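Read off the chains here:
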Number of protein chains: 6
Amino acid sequence: MTERFNQPMSGNAMPRFAGTATMFRLPTPSELVGVDVAITGVPLDIGTSNRAGTRYGPRQIRSESVLVRPYSMATGGAPFDSFQVVDGGDVAINPYSLEKSLGLIEAHYARLAAARVLPISLGGDHTITLPILRALMKRHGPLALVHVDAHADTNDVMSGERYTHGTIFRRALEEGVVDARRMVQIGLRATGYSANDFDWARSRGVHVIQAEDLWYKSAAPAMAEVRERIGTAAPTYLSFDIDGLDPSVAPGTGTPEPGGLTASQGLEIIRGCFGLKLVGCDLVEVSPPYDVTGNTALLAANLVFEMLCSLPGCRRR
Amino acid sequence: MTERFNQPMSGNAMPRFAGTATMFRLPTPSELVGVDVAITGVPLDIGTSNRAGTRYGPRQIRSESVLVRPYSMATGGAPFDSFQVVDGGDVAINPYSLEKSLGLIEAHYARLAAARVLPISLGGDHTITLPILRALMKRHGPLALVHVDAHADTNDVMSGERYTHGTIFRRALEEGVVDARRMVQIGLRATGYSANDFDWARSRGVHVIQAEDLWYKSAAPAMAEVRERIGTAAPTYLSFDIDGLDPSVAPGTGTPEPGGLTASQGLEIIRGCFGLKLVGCDLVEVSPPYDVTGNTALLAANLVFEMLCSLPGCRRR
Amino acid sequence: MTERFNQPMSGNAMPRFAGTATMFRLPTPSELVGVDVAITGVPLDIGTSNRAGTRYGPRQIRSESVLVRPYSMATGGAPFDSFQVVDGGDVAINPYSLEKSLGLIEAHYARLAAARVLPISLGGDHTITLPILRALMKRHGPLALVHVDAHADTNDVMSGERYTHGTIFRRALEEGVVDARRMVQIGLRATGYSANDFDWARSRGVHVIQAEDLWYKSAAPAMAEVRERIGTAAPTYLSFDIDGLDPSVAPGTGTPEPGGLTASQGLEIIRGCFGLKLVGCDLVEVSPPYDVTGNTALLAANLVFEMLCSLPGCRRR
Amino acid sequence: MTERFNQPMSGNAMPRFAGTATMFRLPTPSELVGVDVAITGVPLDIGTSNRAGTRYGPRQIRSESVLVRPYSMATGGAPFDSFQVVDGGDVAINPYSLEKSLGLIEAHYARLAAARVLPISLGGDHTITLPILRALMKRHGPLALVHVDAHADTNDVMSGERYTHGTIFRRALEEGVVDARRMVQIGLRATGYSANDFDWARSRGVHVIQAEDLWYKSAAPAMAEVRERIGTAAPTYLSFDIDGLDPSVAPGTGTPEPGGLTASQGLEIIRGCFGLKLVGCDLVEVSPPYDVTGNTALLAANLVFEMLCSLPGCRRR
Amino acid sequence: MTERFNQPMSGNAMPRFAGTATMFRLPTPSELVGVDVAITGVPLDIGTSNRAGTRYGPRQIRSESVLVRPYSMATGGAPFDSFQVVDGGDVAINPYSLEKSLGLIEAHYARLAAARVLPISLGGDHTITLPILRALMKRHGPLALVHVDAHADTNDVMSGERYTHGTIFRRALEEGVVDARRMVQIGLRATGYSANDFDWARSRGVHVIQAEDLWYKSAAPAMAEVRERIGTAAPTYLSFDIDGLDPSVAPGTGTPEPGGLTASQGLEIIRGCFGLKLVGCDLVEVSPPYDVTGNTALLAANLVFEMLCSLPGCRRR
Amino acid sequence: MTERFNQPMSGNAMPRFAGTATMFRLPTPSELVGVDVAITGVPLDIGTSNRAGTRYGPRQIRSESVLVRPYSMATGGAPFDSFQVVDGGDVAINPYSLEKSLGLIEAHYARLAAARVLPISLGGDHTITLPILRALMKRHGPLALVHVDAHADTNDVMSGERYTHGTIFRRALEEGVVDARRMVQIGLRATGYSANDFDWARSRGVHVIQAEDLWYKSAAPAMAEVRERIGTAAPTYLSFDIDGLDPSVAPGTGTPEPGGLTASQGLEIIRGCFGLKLVGCDLVEVSPPYDVTGNTALLAANLVFEMLCSLPGCRRR
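The structure reproduced in this document is the subject of the present report.

Calculation notes
Residues numbered from 1 in each chain as written. Chains lettered and ligands numbered in written order. Predicted model: local features only at pLDDT ≥ 70, side-chain atom pairs only at ≥ 80, totals over all residues. Heavy atoms only, no water. Least-squares fit on C-alpha atoms with pLDDT ≥ 70 in both. Contact = heavy atoms within 4.5 Å. Helix = DSSP H or I, 4+ residues; strand = E, 2+ residues; numbered from the N terminus. Buried < 20%, exposed > 50% of the residue type's maximum accessible area, 1.4 Å probe, protein only. Pairing = 2+ DSSP bridges. Buried area = accessible area lost by both parts, 1.4 Å probe. Salt bridge = Lys/Arg side-chain N within 4 Å of Asp/Glu carboxyl O. Polar contact = N/O pair within 3.5 Å; in protein donor to acceptor, adjacent residues only side chain to side chain. Nonpolar A, V, L, I, M, F, W, Y, C, P; charged D, E, K, R; others polar.

Some remarks on the relation of the copies chain A and chain B
Working step 1: If you rotate chain A by 120 degrees and push it 0.0 Å along the axis, it lands on chain B with an RMSD of 0.0 Å. Expressed as a symmetry operation, the mapping of one chain copy onto the other fits a three-fold axis. It is Ser 248 of chain A whose C-alpha, among those of chain A, lies nearest the rotation axis, at 3.1 Å.
Working step 2: The two copies present different faces, since only 9% of the interface residues in chain A are matched by interface residues at the equivalent positions in chain B.

As for the environment of Ser 203 of chain C
Working step 1: With respect to the element layout, Ser 203 of chain C can be found in helix H5 (residues 199-203).
Working step 2: Sequence separation between Ser 203 of chain C and Met 14 of chain C is 189 residues, and the spatial gap between their C-alpha atoms is 53 Å.

Remarks on the relation of the copies chain C and chain A
Working step 1: Screw-axis analysis of chain C against chain A gives a translation of 0.0 Å along the axis, an RMSD of 0.0 Å, and a rotation angle of 180 degrees. Accordingly, the operation relating the two chain copies is best matched by a two-fold axis.
Working step 2: Counting the interface residues of chain C, we find that 100% of their copies in chain A are interface residues as well, pointing to one common contact surface.

A look at the pairing of strand E6 (residues 178-188) of chain F
Residue and element names in this part refer to chain F.
Working step 1: Counting buried residues along E6, eight of its 11 residues qualify, which places the element largely inside the surrounding structure.
Working step 2: Of the strand pairs in this sheet, strand E5 (residues 143-148) and E6 are connected by five bridges, and their pairing is parallel. Of the residues in E6, the one forming a bridge with Val 146 is Val 184.
Working step 3: Where E6 and strand E8 (residues 207-210) come together, four bridges link them in parallel fashion. Paired with Leu 188 across the two strands is Gln 210, which belongs to E8.

Comments concerning the interface of chain A and chain B
Working step 1: Counting from both sides, the interface comprises 32 residues of chain A and, opposite them, 35 residues of chain B.
Working step 2: For the pair chain A and chain B, the summed buried surface comes to about 2600 Å²; carbon and sulfur atoms form 57% of the total.
Working step 3: In this structure, the connection of chain A to chain B is made through three salt bridges.
Working step 4: Of the charged contacts in the structure, one is a salt bridge between Arg 69 of chain B and Glu 257 of chain A, with a shortest N-O distance of 2.8 Å.
Working step 5: Where chain A meets chain B, there are 13 residue pairs in polar contact (both at pLDDT 80 or more).
Working step 6: Its residues placed into classes, the side of chain A that touches chain B shows 14 nonpolar, 12 polar and six charged.
Working step 7: Note: strand E7 (residues 191-192) of chain A against strand E2 (residues 71-72) of chain B, two bridges, orientation antiparallel. Each residue of the ladder has a partner; that of Gly 192 of chain A, found in E2 of chain B, is Tyr 71 of chain B.

Spatial relationships are all this shows, so hold off on functional conclusions.
Now the structure itself:
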């Protein structure tokens, strides 16, 4: 079985600190034939309202991903025995134009969708999720959404702009790209522009689990409810903003907010998506200039690995 | 209502990373007329026994405070709909003389007290709290005290000195500035000069909640007890040493101790002061040279925002 | 004399680490009446091709500028005895749209020009210089230009875009905003897209002094030639990209190139502009996430101070 | 009583930031006569598979240890009233040869064992534990082991080598240095080379407590079971790899894994060893280049202090 | 012409911060057919006597090399119009055994030599140069050597070992791998184990240019003498230890010494090798944990680019 | 000869990164009998006007000093063959009182003077030099002074205080501790409180060599003049503020100023003191929180080594 699929280059064959730092030390083929999952970087940071730096997210996540080994010890998840996974390289965004970049990203993911490749994306700021969702919606129809974040990202405009990292889920709901009844937001907290910032989505049927609801306890029961709500048949997207986690856990990000999720809750949330019909995932908002040890990127790499383990059909050893 | 009071400059009017970094992007008026709350920096660090750097605390907390928005999503707290809040600037301490600085600080807060302005202070090292308490006592009488810290700060002398960041609450109790029966210390832990370092205060009636008492659980029940003990009528001061929190949460400080409070507990403690008759607050011991990402200062800014939300009369939306 | 003009707040009145960090501790008036020079931040970084972070340039330069005192010991330059200088605040750029930001910047500088305020600008990436030049040209006609930089910034397009931090001087020359015969580029070096990257400007009459021409020697003789070339009557702009200096001197920038100018050469170049008819200056491309000690921003603040000293009419004590 | 034993130099006699940074500010005698406990550095990092840097672990732990005071406030532990503790200096390992270093370490600890000095060791990478165990086994017979770690360290070979920081407990079990029935591994987690990486040890009788087993709760009940399993009579070694803790708590290490133990759990585990017949302890894998604030080293120093408090015979005040 | 050879991926086709970070954004072919130059990483750091970290040198140099463009503006050097250059990947050294690693490196370079590929190597610590020289000597005979360094690296033994980063040139001279009469050492300085540390090599005919000989002036005249001494026909190796440069220029290294060469002298030395018959080059001792901005790695990448430009046959545009 | 004196512990006997980090790995005897030179730390930072942190200067200089070897390669200086040198430990300053600290320092140096031990001091901020000079004056009479600095440190008062790191040489001249005719200030530059800040000393006969006087050239000729001026018989003190050097060379300091001396000039200045009758030296103002690589401390250690080499009677090999 193992031989059918790409395996991460072993630390015994080449030391972990050596060799080209591709994602999980996987190949970067130029063709998508036979590929099940493409881990794709989207190094965008011009949709950001506060600290910059997410343009280096994909590169640093790849660099730190070399430590991740092929099996999940908690779940037995064995993605590299289950799927043909590749490092899909980066989307050549336009670093000077957010508008053109959105188009470039959507076109790139339309090609992946056409090739029936499931995309897992490395941000980049959260703006990237909108064009990805649009591309996936064209193939799958309106999507269920598990959205982990400190922020609702449902502002109407920011600085007068309709497309930024803080407005995308408003756009996604308005456009019908996402099915509000099957959308869950987890980890929201801190301060808002108004006291009802989280209510616009709620009023449309979105289920919001604020960070406070999860303090001092396992996220597993909440995820059981999430699976119930979404069901096993709905095409579902998982968008994980690293700032959903507490800044102690993930300091390297641009708009950190105190009182967030723990790393173990982050792992439980992704593990709790096993059973959903995931059709795409992303991990966004890692900002390497603020990740002085590389540990935020390393955490992101582990979360991406858990995403692989939660894809439909992933074997458990 | 909103129009009556200063509002933080919006991130839509001026990007968060732009403009002068005043506290919460509030005005810095030269007069105190009509001011309810003045957030005031006290950039002192010559009362410090270990790592230096708190002189830059007020500046960095202000710089990071630009991300804080006007409403608390957990409580609906709406301080900028409730009070006239200003950035009160810094006390011009004497960087070469601790003794003179204590006098300068007390005189500054006496002026604030005379103008009936409630002070929220940004440290600086913890020594600043003693002259602030003295000034407030002259107006309010002996004060109840909620003291969050890793350390009791009740040493008699340090290096032979009676006024340092580790002796101030002994002085405050000796001087009668604080009412021991209405004083609570939360978060104390780690190692001591003797095994009974926390007992001097206890023997005078101070209630001590060690960090171990709060591990793995909410601080809300403990705060209910604190409110019971202090009552709603006693003029109360909240002194929050950032090292009360665990170093994972607040690395940028001078005497970190392991096993501290989580950020969520820190939020609960401040939120749990709502209902007390707070007459002043401080947030001390942020040391920017050890806060490499700025996240400790950002946490401090959020805690100060929660202090605003816990002031008597703060509206909830 | 001194009393006529704003003076930097003294370190004796308020410790340097205390108080609001305005540029040189100057006032930030809301009106421009009577202002001679406005030091204005332009916190743009979406015109950047490599590392991000210049959005925080103005804030960090202001923070470090508190150490600069009012007199130049080398030249006796006394700008605060000569001009009414203010901290002009920041341009409210649009963080999501480079195109709109260029318009916002030009409009802002048109207002300054209308008020006959000489602008000294704190970048932000180098893209900001184009709209500033456009605004100044409307008042002064085509401008002479002293351009310090590691790069020519005369690419035609980058990623297909005509307006980026690497194309602006091509645009400025094409548009006639700058007079090629009175334009000098200093510090160019390193690697190019082609071997004749520096020749497009040369072919139009621009004088290029490569970094290699200045190795191991004073830049003063070269500046004498520059003054000769430009003359004393031509309205002249000084655009100083911090990456013109060697990365050892100015590590905190986005596209560093080895073999650059020393700090003393940087000082000589600005001092060598005394005698020109400067009508505006900028200091761009400081990127705080890569300026871990703050020393690049502090150097930038000193260079801006020297710009003040080189303005026409600056007294020498 | 106190006078019989070395006392840490007081912060009142010499400021904490001053003086030679020996461990806990204890003497470094050249002779072992009368010494009960020698805290000994083993600055090895050539057994490391990922990030380097543990060679500086002992030095940085010593530097930060100056903040630790002589009494444990949680337990009343009073090691400096109980034992003659010294800073035993460092083992002069061979920085170019792992094989020779293993021999040098074993010889050094054989000398300590001969002098009946209980060793507490500061790593260095985890490879150091094997020669220490070998030396102790010769005196005490096969050892019970409490092993805190993110990793099992029971690989057979790495890069073809049998002696590395990832293989040592396989060697220790194969050699009979450790008694598998009295061995407990705590904190194991994350990703493995195979899905049954933790089963080799389990199949030999080792008790494994994965990190997930401890999420959101006290480690004290688990430690009660550990004491039951090992008993009070078995000579027991405590090996604490700092990466057993979550990277948020201990960022400065070479192979961090998400979802680890909290600092309070780390403290509980060591405190829970009180009652066992500890004959040696180590704290390994602190990597100062990744410990930018020094807080990981400071945590390590506190954990070592707690080890002292858990030694048999430590008085409680 | 251009079409015959690999070209660095353009920043216009893919932003510089995006895409896999291969050296100069060149391909990494698995076969050596048709390859003229292979830039090869040797991520060794277990030959190091002081600070660790060079194992991450190749990865960080590659990451920063993305900014280097294809033409040298100072010389017109056009290596990618002249040679088929590839990123040759890394040597799979043994991270636990220096001895085995030396064998693995020599074997790897023997394969490159057999394929008539000229190697340019990215260290790794300086120990790597010995096995590379051995492999090249087998093809070319004894080699002339230009050795840039702060240290002579001619100790007899270190910690009793004959093969370390401080002994390799003694071994190379003893073994006859290098021709002492055609060996030049440039940049030596600072402190020695004895006052005649540099004399062992001198006594064998090596020409030593101490750093002091080059202070405040161009290195070009010295390089003219070097070319005279070595001649145009002798197969020559260039070994450039980044610590030959001053720590202000190259802070990210393990044994920095004050008073070193400037970046411009470093460029002149490599440019001054044009005309020699270079058969291999290396750039060693970049230690990323001490290179906090990445600028040392970026400088190293530029120096490697200049090495390409100095290879025999490189075109000048 | 060698055997008579303490020798730095060799890197072959104990790796450089191992063992207690005493200055130059020398012993720290408790008695001064037979000691010629005591390298003594004065960890003061409460005389500082801008950035804090010099309290950690002595510790970090010691930590980095382990790399310095016993012979100067440029001069043959052999201090450990010439003098009995020890690490004299630190002065137990009072961290809360500048006034008391000045007394404690003076008393400490009076004891050294009484024991005829020549002191070389590690700062700490520059305030420490005044009490040291006072103690030395009592033994030697008024002192000649070589003062390397960016600042004159001759302010009358700062924040109303007469004793700070910016006023000490005014006090020293007023008190007659220093002989103005034999005082030289080297490296002064940048901005002043007035345009004649450097003239107060000049008017008393002090010779001032501004940094600009030394740009682009050797400092050796200037030092020949200095030796001429001071003569060989006058007891002379060398006070070296690390900020005399350019911030590129010595970033880790509290009041950096651009355009300073190079490292090679710093070495030449100290080497140029050979021939003077040095009776004491200091190296002050290293601020570790701003010395992120440790290279400023390492440079300081090398400069202190050169001070040893310039002491009267130091042998040259």
